[in-house]
Amino acid sequence: MPQPRSTISRRRFLTTAAKASALFAVPALVPGRVLGLDGGVAASERITLAGMGIGGRGGYVLGVMMDEPVFQFVAIADPQKARREGVKQRTEQKYGPGVEMYRDFRDMLPREDIDAVLIATGDRWHALASILAMRAGKDVFTEKPSSMTIAEGRAVVETAARYARVYQTGTQRLSEPNHVFAIEMARTGRLGKIHTAYAHIAPWDAAEMRHDWLPAAPEPPKDEVDWDAWLGPCPWRPFNPGYVSGGWRGHYDFHTSCIGEWGAHTFAQAQAGLDCGESSPVEYEYVANETGDGMVTHFASGVKMILSRGNQYWRGSCGERFDGTEGWAAAADGYSKPDVSSPALLGEFKKIVGDYVARTGRSLDHMRNFLDCVKTRQPTVANPAVMHHSMTTVHAANICMWLKRDLKYDPVKEEFVNDDEANRLRARAMREPYVY
């Protein structure tokens, strides 16, 4: 179990040690970048960063972090040797030698010189790794989907609050101007009374996932692939190389379905525009297809949110749209400007986005928002509550599809109404010792 952070911080220790050594040191030339001169960041102000499970998407996010001078990458944990060695080689090209490697994430957490952790594993590890990291005194930037169950999401919220940790999930469109504009148009009443929102779900895979497993193959040496650590909290399954090369998607043990794949983004976007970022729909209408395409969900306010797999409401991917009594607005990836019902609505684009920044104090850069909040200890735009309630919508929609019937949900009690069968699916058993 990770040990709690010492009351003597790393920076305080370094400062004290530096003062003591100065009494005996001979004069020396200190590079300006160490002191924060010449545009550098002083060592005492750097955020020391570690990573877990950095592959394709995680590699991109790591690149964004490495572009921020304030970060100093010091450690990588990954059960796959090739992955951890690749990250070590990449980061040492920038930071110099000394990036340490760990096969098991938990072995890295007791280090007091780590301030923040980038978690970019598959879905199965996101919540548990976030919880363990925050318990160990680390701030967290985690990829989405950020929980496997409603219970996991609640545990992330409670852990962040208890340990006073900064947490950001990678729903980066909440920080992009086009999406901010569409969200604010709906939230501020510029579209009139909103009656319907639409949220994009992934146009591949299905809501009903596989419950079988791939054929057993010879397990590689533990140093090459630590299969037990790769599985983490999931049920034991025989090793197959297809899993570790991305073939875990579409399996119930590891994935959150086509609904979670993009809904982790778009539900947060739609719910922000409805001012329901910290709530969830109260009704879910089953649709008789494999994907959830066309599912109608209802908020307590009476507003509907419709899940859509196609592009009839936007152009591009990961879109959201808001329909009101006086017009509509939509945004998705690849837009130069949002889509609106009337060109006149775009006339206030700069004002609306500017007003959002002034009101919230947030950067229109998701990583910068995380960095700012690490310094100020303010909640991020994709904070634990926002993550949990949008992911609750994902999980409830999945459960609706799995049970093949309509559901009613109480977002205050976080339980399905008079439905023991649905309530049993709010959590999953976790395999020892990978528990929170």
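Our subject is the structure that appears above.
Rules used in this analysis
Residues numbered from 1 in each chain as written. Predicted model: local features only at pLDDT ≥ 70, side-chain atom pairs only at ≥ 80, totals over all residues. Heavy atoms only, no water. Helix = DSSP H or I, 4+ residues; strand = E, 2+ residues; numbered from the N terminus. Rg over C-alpha atoms; globule rule 2.2 N^0.38 Å. Buried < 20%, exposed > 50% of the residue type's maximum accessible area, 1.4 Å probe, protein only. Pairing = 2+ DSSP bridges. Core = buried A, V, L, I, M, F, W, Y, C linked by side-chain atoms within 4.5 Å. Contact = heavy atoms within 4.5 Å.

Draft legend 1. Structural view of the overall build of the protein. Counting secondary structure elements, the protein contains 15 helices and 15 strands. The C-alpha radius of gyration computed for the protein amounts to 23 Å, which stays within 12% of the reference 22 Å derived for 436 residues, consistent with globular compactness. For the protein, the C-alpha atoms occupy an extent of roughly 75 × 60 × 35 Å along the three principal directions. Taken across its 436 residues, the protein has 56% of its residues classed as buried.

Draft legend 2. Representation of the environment of Ala43 within the structure. With respect to the helices and strands, the residue Ala43 is situated in the loop between α2 (32–35) and β1 (47–52). The spatial distance from the C-alpha of Ala43 to the C-alpha of Glu143 is 27 Å, given a sequence separation of 100 residues.

Draft legend 3. View of the sheet that holds strand β13 (residues 339–340). Here we have nine strands laid out as an open sheet, ordered β13-β12-β11-β7-β10-β9-β8-β14-β15, and mixed in their pairing. Strands at the two margins of the open sheet, each flanked by one partner only, are β13 and β15 (415–416). Here three bridges tie strand β9 (residues 296–298) to strand β10 (residues 304–308), and the two strands are oriented antiparallel to one another. Bridging across to β10, Thr297 finds its partner in Met305.

Draft legend 4. Representation of the nonpolar core. Counting 88 residues, the largest nonpolar core has Phe105, Ile259 and Phe322 as the members making the most contacts within it. Looking at this core, the element that brings in the most residues is helix α14 (residues 384–403), giving eleven residues. Residue contacts for Phe105: discarding those within four places in its chain leaves Met52, Ala77, Val117, Ala129, Leu132 and Ala133.

Draft legend 5. Fine view of helix α8 (residues 177–187). Within α8, nine of the eleven residues are buried, which leaves the element mostly enclosed by the surrounding structure. Among all positions of α8, only Asn178, His179, Val180, Phe181, Ala182, Ile183, Glu184, Met185 and Ala186 are buried. The first or second residue beyond α8 is Gly189, which carries a positive phi of 85°.

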